[in-house]
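Architecture and fold: a report
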Amino acid sequence: KHAIAFPYGRTGMICLLKALGLSDAEVLCPSYTCVVVPHAIKYSKNTPIFVDSAPGSFLMDIDLAREATTPATQAVVATSFFGEPVSLDDYSSYAKDHPNVFMIQDCAHGFFCTDAGRPVHKQGIAAIYGLNISKLLTSVFGGMVTTDDDALAAKLQAIRSEEITGA
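Residues numbered from 1 in each chain as written. Predicted model: local features only at pLDDT ≥ 70, side-chain atom pairs only at ≥ 80, totals over all residues. Heavy atoms only, no water.

**Focus on a nonpolar patch on the surface**
- A grouping of Tyr32, Phe58 and Phe82 is seen on the molecular surface, where their side chains present a nonpolar patch of about 330 Å² in accessible area.
- As for its placement among the helices and strands, Phe82 is situated in the loop between strand S4 (73-79) and helix H4 (88-97). (Patch = residues over 30% accessible without salt bridge, like charges linked within 9 Å, V, L, I, M, F, W, Y side chains within 5 Å. Areas by Shrake-Rupley, 256 points an atom, 1.4 Å probe, with all protein chains shown as cover. Salt bridge = Lys/Arg side-chain N within 4 Å of Asp/Glu carboxyl O. Helix = DSSP H or I, 4+ residues; strand = E, 2+ residues; numbered from the N terminus.)

Right, here's the structure in full:
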């Protein structure tokens with residue numbers, strides 16, 4: 001429903017974590033990821049917890065994510081890579097077991113990814129996109145956060161205005 005533009009994907013991720021109210025939280029992310037993801041997590045005063053890849057894949061091992069989840073875990077960054085989408089069944093199961101953990105889809109290298117015909121970017125609270133020159137869709141620079149949550153979109157727009165334009 002909403003797509004909020006940012007100067008960079010990293011900026012969008014920082015503002016998303018702030019809009020979700022995360023501070024001093026653990027955020028699970030794949031060990032194989034762009035430096036932008038843990039940088040945004042650290043910059044927003046949270047702690048990245050790296051989770052190793054599944055055997056034969058570049059994707060986060062959801063079983064290891066379950067083991068890494070603690071009471072301080074407040075978000076998981078699910079990342080699709082190289083045409084391999086995250087398993088929505090696995091992440092749905094994780095979400096049922098951890099209903100207070102936000103699911104964020106990192107679609108920077110997974111634009112329009114689907115799993116069994118279901119769009120990956122629709123699972124979770126939001127999806128983040130990088131639009132730099134190396135991405136499938138590019139604006140040379142830029143990033144975007146998409147969400148169907150009206151309140152989150154309004155918070156993101158307010159934080160973007162405050163953080164980026166100083167308004």
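**Some details on the confidence of the model for the chain**
- For the chain, per-residue confidence averages 86 on the pLDDT scale, and residues scoring 70 or more make up 90% of the total.
- Ranking the elements of the chain by mean pLDDT puts strand S6 (residues 114-115) last with 69 and strand S3 (residues 47-51) first with 97. (pLDDT = per-residue confidence, 0-100.)

**Some thoughts on the pattern of salt bridges**
- On inspection of all chains with the given rule, the structure shows two salt bridges.
- Across the salt bridge formed by Asp150 and Lys1, the nearest N and O atoms sit 2.9 Å from each other. Here Lys1 lies in the segment before strand S1 (2-6) and Asp150 lies in helix H5 (residues 150-165), a separation of 149 residues in the sequence.
- For Lys1, a relative accessible area of 66% gives the class exposed. (Buried < 20%, exposed > 50% of the residue type's maximum accessible area, 1.4 Å probe, protein only.)

**So, unusual backbone geometry**
- Located in the positive-phi region is Asp24, a residue other than glycine, with phi close to 60°.
- By secondary structure assignment, the location of Asp24 is in the loop between helix H1 (9-19) and strand S2 (26-30).
- Taking the relative accessible area as the measure of exposure, Asp24 reaches 68% and is therefore exposed.

**Looking at the sheet that holds strand S5 (residues 102-106)**
- Spatial strand order, S1-S9-S8-S5-S4-S2-S3: seven strands in an open sheet with mixed pairing. In the strand order of this sheet, the two ends are held by S1 and S3, each with one partner. In this sheet, neighbouring strand axes are inclined to one another by 25° on average, regardless of whether the strands run parallel or antiparallel.
- As paired strands, strand S8 (residues 126-130) and strand S9 (residues 143-147) are joined by four bridges and run antiparallel to one another. Its bridge partner being in S9, Ile128 is matched across the sheet by Val145. (Pairing = 2+ DSSP bridges. Axes fitted to C-alpha atoms, helices over the stretch in contact; angles between N-to-C directions.)

**A look at the packing of aromatic side chains**
- As enumerated under the stated definition, the model contains one aromatic pair in all.
- Arranged with centres 4.8 Å apart and planes meeting at 35°, the rings of Tyr32 and Phe58 form a pair that is tilted. With Tyr32 in the loop between S2 and helix H2 (36-43) and Phe58 in the loop between S3 and helix H3 (62-68), this pair connects stretches of sequence that are 26 residues apart.
- What makes Phe58 partly exposed here is its relative accessible area of 42%. (Phe/Tyr/Trp six-rings, centres within 6.5 Å; stacked < 30°, edge-to-face > 60°.)

**A word on the nonpolar core**
- Within the largest apolar cluster, 27 residues are counted, with the highest numbers of intra-cluster contacts made by Met13, Leu16, Ile104, Leu152 and Leu156.
- Looking at this core, the elements that each hand over two or more residues are S1, H1, S2, H2, S4, S8 and H5.
- By residue number, the principal contributor to this core is H1, which donates six residues.
- Excluding its chain neighbours within four sequence positions, the residues that come into contact with Met13 are Val37, Ala40, Ile41, Val77 and Ile128.
- Judged by nonpolar contacts, the second largest core, of 13 residues, contains Met60, Val76, Tyr91 and Met103. (Core = buried A, V, L, I, M, F, W, Y, C linked by side-chain atoms within 4.5 Å. Contact = heavy atoms within 4.5 Å.)

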